[in-house]
Amino acid sequence: ATKSSCIESTSSAALKITNSLFHDNGYVDSDYVIFCDDTAPITIESTTITRNISTYPSVTLSNQAQNDIRNSIIWDNAGGSFDDGGQGITNLEYNCVEGGAQGIGNTPYDPFFVTGAQGEFYLSATDSGQSMDSSCLDFGDPNSLLIHGTTRTDEIADSGIIDIGYHYYLAP
C-alpha cells in the first residue's frame, strides 16, 4: 500500500511552517503528518496538529539539523505526538504537547478546543463565554511577534503574549 504524509521534506532546503492547521488527516497505515529526513532544518510556529491518524508520531524529524518548534499545539494524534529520533537538535519551546515535552515553557495540559464560526479549534476562554480558560492562552513565547488572527470564539484579536496554536483569520 502507498503511504503518505501531509508534508514530507527529503531535500536540503529549509522548511518553515507558520500559522497552519493540520487536523483529521491520515489513515491507519499512513506514515506521518510532518516528516523531515535530510540535513535541512524545519521550523514550526503557531501551528496546531490534532486528531490525525498515523503509524508513527505526527511530527517525526529524523534529520540531522537544528529544528525549532514554538508556540504550537501537538495534541490527540493517533500514533503519538513528536519524535526526533535523537538525531537532530530540536528546540521545543512554548508548546502544548500531549504527554509533555522537555523545553522552556511547554505545557502538557489539554488545550480545551471549542468550536467557533470558522472551525473546531479555537481555545476555550472565559472572556468568550466558555466555562474555563485554555492553558494555551497568553502562554506563548513572550518574545514572539503577534499574529493578526484569533484563537477565541468571540473573534477578538490575539494581544499581549501570543496564544499557542493556530490563529483563525481576522479581516484587516
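Participant: Looking at this structure, I do not really get the sheet that holds strand E6 (residues 48-50). What am I missing?
Facilitator: The strands making up a sheet associate through hydrogen bonds between their backbones, and the pairing can be parallel or antiparallel. Across the sheet, which stays open at both edges, the four strands sit in the order E3-E6-E9-E12 with parallel pairing between neighbours. Edge positions in the open sheet fall to strand E3 (21-23) and strand E12 (96-97), since each of these has one partner strand only. As defined by bridge partners, E3 adjoins E6 across three bridges and the pair is classed as parallel. Its bridge partner lying in E6, Phe22 is registered against Ile49.

Participant: Is there a simple way to explain the packing of aromatic side chains in this structure?
Facilitator: The relative placement of two aromatic rings is captured by the distance of their centres and the angle of their planes. Overall, the coordinates contain three aromatic pairs when judged by the stated rule. Ring centres of Phe113 and Phe121 lie 5.2 Å apart, and the angle between their planes is 90 degrees; this geometry places the pair in the edge-to-face category. With a relative accessible area of 23%, Phe113 lands in the partly exposed category. Note on Phe121: relative accessible area 4%, which makes it buried. Plain terms: the ring middles of Tyr122 and Tyr168 are 4.1 Å apart, the flat faces sit at 20 degrees to each other, and that makes the pair stacked. Of this pair, Tyr122 sits in strand E14 (residues 119-123) while Tyr168 sits in the segment after E14, placing them 46 residues apart in sequence. Side by side, Tyr122 and Tyr168 carry an identical accessibility label, which is buried. Through successive ring pairs, a cluster of aromatic residues spans Tyr122, Tyr166 and Tyr168.

Basis of the calculations
- Residues numbered from 1 in each chain as written.
- Predicted model: local features only at pLDDT ≥ 70, side-chain atom pairs only at ≥ 80, totals over all residues.
- Heavy atoms only, no water.
- Pairing = 2+ DSSP bridges.
- Helix = DSSP H or I, 4+ residues; strand = E, 2+ residues; numbered from the N terminus.
- Phe/Tyr/Trp six-rings, centres within 6.5 Å; stacked < 30°, edge-to-face > 60°.
- Buried < 20%, exposed > 50% of the residue type's maximum accessible area, 1.4 Å probe, protein only.

These results come straight from atomic positions and should not be treated as a statement about function.
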